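# Coordinate analysis (summary)
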Amino acid sequence: MKSQELRQAWIDFFVSKGHKLLPPASLIPHEMSTTLFTIAGMEQFVPVFLGEQPPPAPTAVTVQRCLRVAGAKSDIENVGRTGRHGTFLEMLGNFSFGDYYKREAIALAWEFSTKVLGLDPQRLYVTVHTGDDEAARVWTEEVGLDPSRVTRFDEDNFWTMGPTGPCGPCTELFYDTGPQHASGPDDIGPNLGDRYVEFWNVVFQQYNRASDGKLTELPRKAIDTGAGFERMLAICNGYASMYDTDLFTDVIAALPATGQSSLAADERRVRQNIVADHARAATFLINDGIYPSNTDRGYVLRFLIRRAIRNGRLLGYPNGFLTQLVPAVVKSLETGYPELRRDVSRIQSALRTEEQTFDRTLERGMAMLDRLIDDAIANCTRLVTGEEAFMLHDTYGFPIELTREITGEHGAAVDTVAFEQLMEEQRERARSDAASKRAAVSLAEVPAIASEFTGYDGLETEGNVVTILRDDKPVEALTAGETGTLVLDRSSFYAERGGQIGDRGIVSCETGTFEVRDTQYIGDAIAHVGVVTGGEIRIGSRVRTAVYDWWRREIRRHHTSAHLLQRALKDVLGDDVVQAGSWVGIDRMRFDFRWPGGALSPEQKRSVSHRVNEMIRDDAHLVTRVLPLDQARETGAIWMAGEKYGEKIRVVQAGPSVEFCGGTHSHSTGELGMFVILSEFSVGSGIRRIESCVSDAAEEHVARQSELVGALSSSLATTPDELGDRVTKLQREIRDLQTAVGQLKARLAAADAQTYVERALRKGDLSFVGAVVPEANGDALRHLSQAIRNRLSSGVIALAGVDDGNVSLLVSASDDLVRGGVHAGNLVKIAAPLVGGKGGGQPAQAQGGGKNAGGADAAIEAIRDAVFAR
């Protein structure tokens, strides 16, 4: 039976039994979920089980994609090895929401297993909870199962999705794969080894577990079936491993031919299984809107991708192999998930970017990790320190799970406690930094009102003061000179949202004037932050709001330019461009976008800029429509994945650009005047940022650039058109001078080298040259060290150069001493703390540095003592 046949058979069977087919949920669970990913078919129905929502139907059937990588349901350690575990899986589910219960659920499970799948009843075994006499009785008396094939367990037969939530006793079906698959002589029944494979779990959802562990009865008893699709497919095809089914064999067949690899044949197959599983998981995660990052779900995706790449390297696969595997993954799954075919390009783009990023660091990171493991084994600790693991994570992008796995393969371990402490310190620094940059407005004591925003229709309106805050505390009034926040029931001020900064202007009444310096939302209330410039403002005052005309004008023009820029990027670079964020101010705009092509070439930037200016010159009038969400999507408008939209959507059209947007915009594209790209650079893996300006800011920028070019041309005695050639000539002259200076340094070093050799210290056959060299940077030390080495074939050279308060360290060991155990890198590590720095390197040569020039002599002496102490 093929995978698509089994998937359809499941649906057809339960639909024929009156179940309603419901669509699967995303891998991103409901925002109130306690899990990072969807880990079970029942997860989308948790509110139904708890009585918070009505059931979608009395009974239902689903095929739910799941991911189990972290937490209690994690299978990551067994993936690819046991034949039964994977990270990405499909869970076949049938559900009853207060309709049928144990008797009917068990009967349905038995009928499907024996009649539809045709499994031999004599090879089926079941387990029930120790206290569930009813389920045991149904199995033995109604189904007719021999009591010897019904086993009772406690925790193994009580299902929970996490520390809290719906739970209850369960009954599981096992298939006997035969004695040849037994783990040992004691593997004679379910849960005792590998012989008996669990493929169906009927959960009798009865309780809700609170955070204190207390169980309370659910409003209605429910049935929640989770049948492992991959395991079931293997069983009905007579396979012991799900990796032998077409779900995986088709993907594995698409892998490149194994290159140079030291792995045994069995281990190579395990690694192929891991790659295939992780490719399936990564494909679906990206399809569901998750991209590689260093936090939360994005971190898990990055870990899976990088673990797959590392296993591919062990198999000798070429760079980029994972990206090329996507079509095979999609082909194996598209019958059940046709949406995958539409997103192949986007999935491949995200994978390609991550592969290219990791490929650049994997070799260096692996080399460092290999050295750390060798050192850990050599010093008998067999422990990679938390600091070293953190450096791998922070510098080379090695997830701690990957470091731990590789270290374990070599018989060593990682100090994860120290690593987590360093990670928490880093997170705390990030939180503190973010807090210091964020102007927080307190939610305390603010009435739950939704202010009416009138700013789409004009800059002025009238409203009432609902709340006044001073130092985040409610007060009755603000007087001249006092700063605070006014919350109004109606305002023409746009509060910061969607990347557009808040408005500035004046709020006035008969008794006083308030200058607004920022506008923010507190819930749905518009809060005006500023200072009373005269008189007094009190709660209940009738006020007039007036936004500064110049402020709103420049913001709406820059906001409109963001729409035109996204259209231009898609026109020039293609539809792979996906917006990742934006920021709109009065004198510039930032636009972040996902783009797999890396940095834009000068020609691409010119084309994008030209396309935006072309739309500006067309002077198209903007058209805004407010539509229901379904109708808004039918317009073909661009909208950001992951954004939460209300029932009514503002659709803004500016010439060929059509987007969902709630911001303020110009009346026509011609208002923008001119568009200029100020910079384009990377802000993360696969994410580029363009900073640009329009209107007055663009005019001022062009004027400043023109003045700068004129001034440079004048100082270099050339014309603006010939300025580039003149600069190129100057650069060539500078390089020639630098070469001459280097040659001079080399000759000077050669002249001094013999003096240093004559002063060498000797202990037996061991020679040591050590010196503090004034006014010498790292480059000068390398010249001097090489000149000394030319005259000293055997020995250790340790130099400390002092230059403008900074210290450069350079240690060199001859080949014969390296073979004898001398390690220049370790010698630098001894000396570097004495100059307030750090360093390291290879056994033959290493370098370091610091800022404590007073410790230079002590550093050289420490190296000397370490050398002669051998």
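Residues numbered from 1 in each chain as written. Predicted model: local features only at pLDDT ≥ 70, side-chain atom pairs only at ≥ 80, totals over all residues. Heavy atoms only, no water.

## Some remarks on the overall build of the protein chain
- Scanning the protein chain from N- to C-terminus turns up 23 helices and 34 strands.
- For the protein chain, the spread of C-alpha atoms along the three principal axes comes to 100 × 95 × 50 Å.
- Out of the 870 residues in the protein chain, the part that is buried amounts to 49%.
- Nonlocal contacts in the protein chain, meaning residues at least 24 apart in sequence, comprise 68% of its contacts between residues at least 6 apart.
- When the accessible surface of the protein chain is split by element, carbon and sulfur atoms take 48% of a total near 40,100 Å². (Helix = DSSP H or I, 4+ residues; strand = E, 2+ residues; numbered from the N terminus. Buried < 20%, exposed > 50% of the residue type's maximum accessible area, 1.4 Å probe, protein only. Contact = heavy atoms within 4.5 Å. Areas by Shrake-Rupley, 256 points an atom, 1.4 Å probe, with all protein chains shown as cover.)

## Description of unusual backbone geometry
- Here the phi dihedral of asparagine 191 falls at roughly 65°; this positive angle occurs in a residue that is not glycine.
- A positive phi angle, close to 50°, is found at glutamate 775, a residue other than glycine.
- Note on placement: glutamate 775 falls in the loop between β30 (766-774) and α20 (778-791).
- The exposure class of glutamate 775 is exposed, given its relative accessible area of 74%.

## Some remarks on the sheet that holds strand β23 (residues 589-594)
- Strand order across the open sheet formed by 4 strands is β22-β23-β28-β27, with antiparallel pairing between neighbours. Either end of the sheet is taken by a strand with one partner, and the two such strands are β22 (578-584) and β27 (675-684). Between one strand and the next, the sheet's axes are offset by a mean angle of 20°, whatever the strand orientation.
- Alignment of β27 against strand β28 (residues 687-694), held across 8 bridges, turns out to be antiparallel. Looking across to β28, one finds that valine 676 is bridged to cysteine 693.
- Sitting on the sheet, helix α15 (residues 549-573) touches β22, β23, β27 and β28, and the angle it makes with β23 is about 30°. (Pairing = 2+ DSSP bridges. Axes fitted to C-alpha atoms, helices over the stretch in contact; angles between N-to-C directions.)

## Quick word on the pairing of strand β33 (residues 838-841)
- As defined by bridge partners, β33 adjoins strand β34 (residues 845-850) across 4 bridges and the pair is classed as antiparallel. Looking at the pairing, glycine 839 lines up with glycine 848 of β34.
- A loop of 3 residues connects β33 with β34, the two strands running antiparallel in sequence.

## Looking at the pattern of salt bridges
- Under the counting rule described, the total for this entry stands at 42 salt bridges.
- The closest approach of N and O atoms between arginine 84 and aspartate 194, which form a salt bridge, is 3.2 Å. Of the two residues, arginine 84 is situated in the loop between β2 (59-67) and β3 (88-97) and aspartate 194 in the loop between β7 (165-176) and β8 (196-209); the sequence distance between them amounts to 110 residues.
- In this structure, a network of salt bridges that share partners links the residues Asp549, Arg553, Glu554, Arg556, Arg557, Glu671 and Asp696. (Salt bridge = Lys/Arg side-chain N within 4 Å of Asp/Glu carboxyl O.)

## Here's the deal with the sheet that holds strand β26 (residues 657-660)
- In spatial order, the strands read β24-β25-β26; together these 3 strands make up an open sheet with antiparallel pairing. Both edges of this open sheet fall to β24 (623-628) and β26, since each of them pairs with a single strand only. Geometrically, the sheet is characterised by an average inter-axis angle of 25° between neighbouring strands, direction not taken into account.
- Bridge analysis of β24 against strand β25 (residues 648-654) gives 6 bridges, and the strand direction is antiparallel.

## Observations concerning the nonpolar core
- By size, the foremost hydrophobic cluster in this structure holds 110 residues, and its most contacted members are Trp10, Trp200, Met232 and Leu322.
- Element by element, the count of residues in this core is highest for helix α11 (residues 344-378), at 11 residues.
- Once residues within four sequence positions are removed from consideration, methionine 232 is found in contact with Leu6, Trp10, Leu92, Phe112, Leu117, Phe199, Trp200 and Ala227.
- Residues Ala562, Leu565, Phe591 and Val694 belong to the second largest nonpolar core, which totals 29 residues. (Core = buried A, V, L, I, M, F, W, Y, C linked by side-chain atoms within 4.5 Å.)

## Regarding the pairing of β23
- As paired strands, β22 and β23 are joined by 6 bridges and run antiparallel to one another. Counted as the bridge partner of serine 582 is phenylalanine 591 from β23.
- Once β22 ends, the chain turns through 4 residues before running back antiparallel as β23.
- As judged from the 6 bridges shared by β23 and β28, these two strands associate in the antiparallel manner. Residue pairing in the sheet places arginine 594 in a bridge with isoleucine 687 of β28.

## As for the environment of histidine 823
- Here histidine 823 is to be found in the loop between α21 (815-819) and α22 (824-831).
- In sequence terms histidine 823 and phenylalanine 660 are 163 residues apart; their C-alpha atoms lie 62 Å from each other.
- Ignoring anything within four residues of it in the chain, the contact list for histidine 823 reads Gly841, Gln842 and Pro843.
- Within the structure, the side chain of histidine 823 is placed 3.1 Å from the backbone nitrogen of glycine 825, a separation counted as a polar contact. (Polar contact = N/O pair within 3.5 Å; in protein donor to acceptor, adjacent residues only side chain to side chain.)

## Some points on empty space enclosed by the protein
- Inspection of the entire model under this criterion finds 2 cavities of 30 Å³ or more.
- If you add up the space inside the largest cavity, you get close to 40 Å³.
- For the largest cavity, the full set of lining residues is Gly83, Arg84, Thr177, Val197, Arg231, Ala234, Ile235, Tyr239, Ala240, Ser241 and Met242.
- For the lining of the largest cavity, the leading source of residues is helix α5 (residues 229-236), giving 3 residues.
- Taken together, the residues of the lining of the largest cavity break down into 6 nonpolar, 3 polar and 2 charged. (1 Å grid on protein atoms, 1.4 Å probe; cavity = no way out; pocket = protein on both sides within 12 Å on 5 of 7 lines; lining within 4 Å. Points joined across faces, edges and corners; volume = space filled by probe spheres on them. Nonpolar A, V, L, I, M, F, W, Y, C, P; charged D, E, K, R; others polar.)

## Re α20
- Given a rise of 1.5 Å per residue, 14 residues ought to cover 20 Å, and the 20 Å separating the end C-alpha atoms of α20 matches this to within 8%.
- Restricting attention to buried positions, one finds in α20 the residues Ala780, Leu781, Leu784, Ser785, Ala787, Ile788 and Arg789.
- In this structure asparagine 777 caps α20, since a side-chain oxygen of it lies 3.2 Å from the backbone nitrogen of aspartate 779. (Expected span 1.5 Å × (residues − 1).)

## Let's talk about the state of the cysteines
- Under the defined criterion, the tally for this structure stands at 0 disulfides.
- Looking at cysteine 170, it has no disulfide partner, and the nearest cysteine sulfur is the one in cysteine 167, 11 Å off.
- On the basis of relative accessibility, which here comes to 1%, the residue cysteine 170 falls in the buried class. (Disulfide = S-S within 2.5 Å.)

## A word on the side chain of aspartate 277
- Mapped onto the elements, aspartate 277 comes out in helix α7 (residues 265-287).
- We note that aspartate 277 is buried and unpaired, the nearest opposite charge coming from arginine 280 at a distance of 5.1 Å.
- Separated by 2.9 Å, the side chains of aspartate 277 and histidine 278 make a polar contact.
- Apart from the residues lying within four places of it in its own chain, the contact partners of aspartate 277 are Val79, Gly86, Thr87, Phe88, Tyr243 and Phe248. (Lys, Arg positive; Asp, Glu negative; His and termini not counted.)

## Re the environment of arginine 149
- By the secondary structure assignment, arginine 149 is in the loop between α4 (133-143) and β5 (150-153).
- The buried category is assigned to arginine 149, whose relative accessible area is 10%.
- Separated by 23 residues in sequence, arginine 149 and valine 126 have C-alpha atoms that sit 6.4 Å apart.
- Filtering out sequence-adjacent residues up to four positions away, arginine 149 remains in contact with Pro121, Gln122, Leu124, Tyr125 and Val126.

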